[in-house]
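Below are the chains, spelled out letter by letter.
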Amino acid sequence: MTQDEMKTLVGQAALKYVLPGSIVGVGTGSTVNKFIDALAGMKDQIRGAVSSSVASTARLQALGIVVFDAADVDELAVYIDGADEIDHAGYMIKGGGAALTREKIVAAQSRQFVCIADESKLVGALGAFAVPVEVIPMAASRITRQFATLGGTAVLRLKDGAPLMTDNGQHILDVSGLTITDPLGFESQVNQWPGVVTVGVFAHQKAQICLLGGVDGVKVLTF
Ligand code: 5RP
C-alpha cells in the first residue's frame, strides 16, 4: 500500500467519529484533504464544518459543505487533523502546512482530537521534524537566538523566494536540532516568548485518538 493509499484509508476511517447533525472541526493538509473528500459523501447528515485554514475552507466549500466561523459556534464534538509527528502519548508536532495557529484554536474548541496519519508519522520522541513556530516578523531574529540557547536552529520558511505569509499574515520559523523530552513544558515555555504566536508542539491540545494507516490497514491508538 502506498502512503497516499494509507492517507485515503485513514481519511475514510475518520468518518466514524463524525456525529450526525453536528459541526465538525477540520484540519489542514494532504491527509485531511482525503477526509474532506470522504466527508462530502455525508454532507447531508452534518450541519457543516469549522475550518482551520483558507485552503481547507476552499476545499470544503467546493464540495458543498457549509463552513462556519469558529467565533460563531460553541464547543465542537470532534476535530479531525493530521500531524507531522505523533508520539505514543498523543503529543504532536504540527504546522508543516503553516496552519498551526488556526489548527490549535479549533482543536482547543473541540472535545476530542482525532489525528489521522500514516505510520511514518509515529515517533518515539518528538523533534526529528523541524518544529514550526508562527512568529510576529519583528521578533523573528530574537526568537531565532532564543532557540539557539536551547540548541535549536531556526530557519525562516520561504515560499517562492520570499518569507511565507501565514493565513494570519505572520511568518514561520522551522526549528531543527531539538529533542523534546517534555512536550508540555516545551510548549508552555516557548509560548511565553514575546512575538511567538503559536508553537507547533501540540501537547496541551494533544490527540485523544490516532487512526494510523499502515500496510495492514488502520490501527486505532487511544491516549
Ligand atoms: C498543517 C499540518 C498538517 O496536519 C501536517 O503538516 C500533516 O500534513 P500531511 O497530512 O500533508 O502530511 O499541521 O499545518
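Here, the structure is the one placed above.
For every chain, the first residue of the written sequence is number 1, and numbering continues from 1 onward in sequence order. Where totals are concerned, whole chains, interfaces and linings use all residues; where local detail is concerned, this predicted model gives features only for residues with pLDDT of at least 70, and gives and counts side-chain atom pairs only at 80 or more. Note: side-chain values were computed over all heavy atoms of the structure, leaving out hydrogens and water.

K.L.:
Summarise the site of the ligand; cite the residues concerned and give the values.
P.N.:
One heavy atom within 4 Å of a molecule or strand is enough for the residue carrying it to be called near that molecule or strand. The full set close to the ligand counts 17 residues, and Ser30, Thr31, Asp84, Gly95 and Lys121 are the nearest of them. For this analysis, a polar contact is any N or O atom pair within 3.5 Å, provided that within protein one partner can donate a hydrogen and the other can accept it, and provided that sequence-adjacent residues contribute only side-chain to side-chain pairs. Take threonine 28: an N or O atom from its main chain is 3.1 Å from an oxygen atom of the ligand. At 2.7 Å, a side-chain N or O of lysine 121 approaches an oxygen atom of the ligand. For the ligand, the accessible surface in isolation is 370 Å², of which the surrounding protein chains cover 91%. To measure how exposed things are, a 1.4 Å probe is used in the Shrake-Rupley method; for residues, cover is taken only from the protein chains shown.

K.L.:
An account of the pairing of strand S12 (residues 171-176) is requested, with residue identities and associated values reported.
P.N.:
By the criterion of burial, S12 is predominantly enclosed, with 5 of the 6 residues buried. In this description, strands pair whenever DSSP reports at least two bridges between them. Each helix is a run of H or I in the DSSP string that is no shorter than four residues. Each strand is a run of E no shorter than two, and both are numbered from the N terminus. Two elements, strand S8 (residues 131-135) and S12, share 5 bridges in a ladder whose sense is antiparallel. Residue pairing across strands places valine 133 opposite leucine 173, the latter belonging to S12. Here strand S9 (residues 153-156) pairs with S12 via 4 bridges, running antiparallel. Counterpart to leucine 156 in the pairing with S12 is leucine 173. Only protein chains enter the calculation, and the probe is 1.4 Å; a residue is then buried if its accessible area is under 20% of its type maximum, exposed if over 50%, and partly exposed in between.

The quantities given are spatial measurements derived from coordinates; they are silent on function.
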